[in-house]
Amino acid sequence: MRNKIGTALVSLALATSAQATLITNGSFEDTTGVLKSNHGSWKIFKEITGWTTVSGPGIEIQTNRTLGNVDAQDGNNYVELDSHGAPNTNSAMSQILTGMNVGGKYELDFFYHARTNNGNNDNGIDVFWDSFSGSSLDSFDFSNIVVSIADVKYRDNQASGLTKGIDGWFHYNVDLWATSETMALTFAATGAANSLGGFIDNVSLRAVPEPATLALFSLAIAGAFASRKMSKK
Ligand SMILES: [Ca+2]
Ligand SMILES: [Ca+2]
Ligand SMILES: [Ca+2]
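Owing to the predicted nature of the structure, the values given are computational and were not obtained by experimental measurement.

*Asks:* Explain the overall build of the protein to me, using residue names and the numbers behind them.
*Replies:* Looking only at helices and strands, the protein has three helices and 13 strands in total. Across the 233 residues of the protein, 32% fall into the buried class. Across the protein, the fraction of contacts at a sequence separation of at least 24, relative to all contacts at a separation of at least 6, is 74%.

*Asks:* Before we move on, could you go through the nonpolar core and cite the residues and values that matter?
*Replies:* Ranked by size, the top nonpolar core spans 40 residues in total, and within it V79, L81, Y112, I125, F187 and I200 carry the most contacts. Going through the elements one at a time, β2 (42-48), β4 (59-62), β5 (78-80), β6 (92-97), β7 (105-113), β8 (124-133), β12 (183-190) and β13 (199-208) are the ones with two or more residues in this core. Among the elements that line this core, the one with the most residues is β12, at six residues. Discounting chain neighbours no more than four positions away, the residues touching V79 are F28, I59, E60, I61, F199 and I200.

*Asks:* Quick rundown of unusual backbone geometry? Include the residues and the values.
*Replies:* Put simply, A86 and P87 share a cis peptide bond, and its omega is -10 degrees. Within the secondary structure layout, P87 lies in the loop between β5 and β6. Unlike most non-glycine residues, N25 shows phi in positive territory, near 60 degrees. Tracing the backbone shows N25 in the loop between α1 (2-17) and β1 (33-38).

*Asks:* Residue-level account of the pairing of strand β3 (residues 51-55), with values.
*Replies:* Two strands pair when backbone bridges link them, and β2 and β3 are joined in this way by two bridges, in the antiparallel orientation. Across the sheet, the residue bridging to E47 is T52, located in β3. Here β2 folds back onto β3, and the loop between the two strands holds two residues, one of which, G50, carries a positive phi near 95 degrees. Bridge analysis of β3 against β6 gives three bridges, and the strand direction is antiparallel. Within β6, the residue paired with T53 across the bridge is M93.

About the cut-offs
Residue positions within a chain follow its written sequence, with the count starting from 1. Here the convention is simple: chains get letters from A, ligands get numbers from 1, in the order in which they are written. Only residues with pLDDT of 70 or above have their local features reported here, since the model is predicted, and side-chain atom pairs are shown and tallied only from 80 upward, although totals for entire chains, interfaces and linings are computed over all residues. Only DSSP runs of H or I covering at least 4 residues are called helices, and only runs of E covering at least 2 are called strands; the numbering of each starts at the N terminus. Exposed residues have 12 or fewer other C-beta atoms within 10 Å of their own C-beta, buried residues have 20 or more, and partly exposed residues fall in between, where C-beta atoms are placed from the backbone. C-beta atoms are placed from the backbone for every residue, and two residues are taken to be in contact when these atoms lie within 7 Å. Put simply, a nonpolar core is buried Ala, Val, Leu, Ile, Met, Phe, Trp, Tyr and Cys residues tied into one set by C-beta atoms within 7 Å. In this description, strands pair whenever DSSP reports at least two bridges between them.

Structure follows, in structure tokens:
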């Protein structure tokens, strides 16, 4: 009986905390893809595993400790979407997620670090969570912005005494709901397009178990306890 309770508890723990991330290459360590230009410690990609450029010159991948002593939050690589190259505009990248549970809750986590100390929203990042309405992606609709990071400066990340993540990166955590079976997660640089902007690393998206699922696990535990009581008689 003890084993049964143990199994139920383990299942509950798995359901609540150990859902696998649904994001492919959320740490940008896999740079297999379509390279546009290689500058050694930074490279511009049209696409890399999991991610596609949807606006601007491309996905700029920075490697470890290349910029102002900003280490990657995870692994060696991170992204800067105020990318280098023509057109001289901010870039945006998307990942398409299929097989989503319509109405289901998801938890998005990612880390952000500003590059410059300029104003004018130089390091801005907007995050979009778009659905397919009919057959076309409802992308870049401003009503679909789920996080908007504006006017953060490098020194804000580096300052002590602020709430911050590992090594100065700010951790963002957002609850999202799927509104269609296929969703798109998009990161877009905003503000002054001058090739220097906000960094992104360690993106994950996890399904949050529905209350019904939790209730089932609770019932399983209650059942295990009940049968244990009965067996004592
Ligand atoms: Ca990384
Ligand atoms: Ca850049
Ligand atoms: Ca900028």
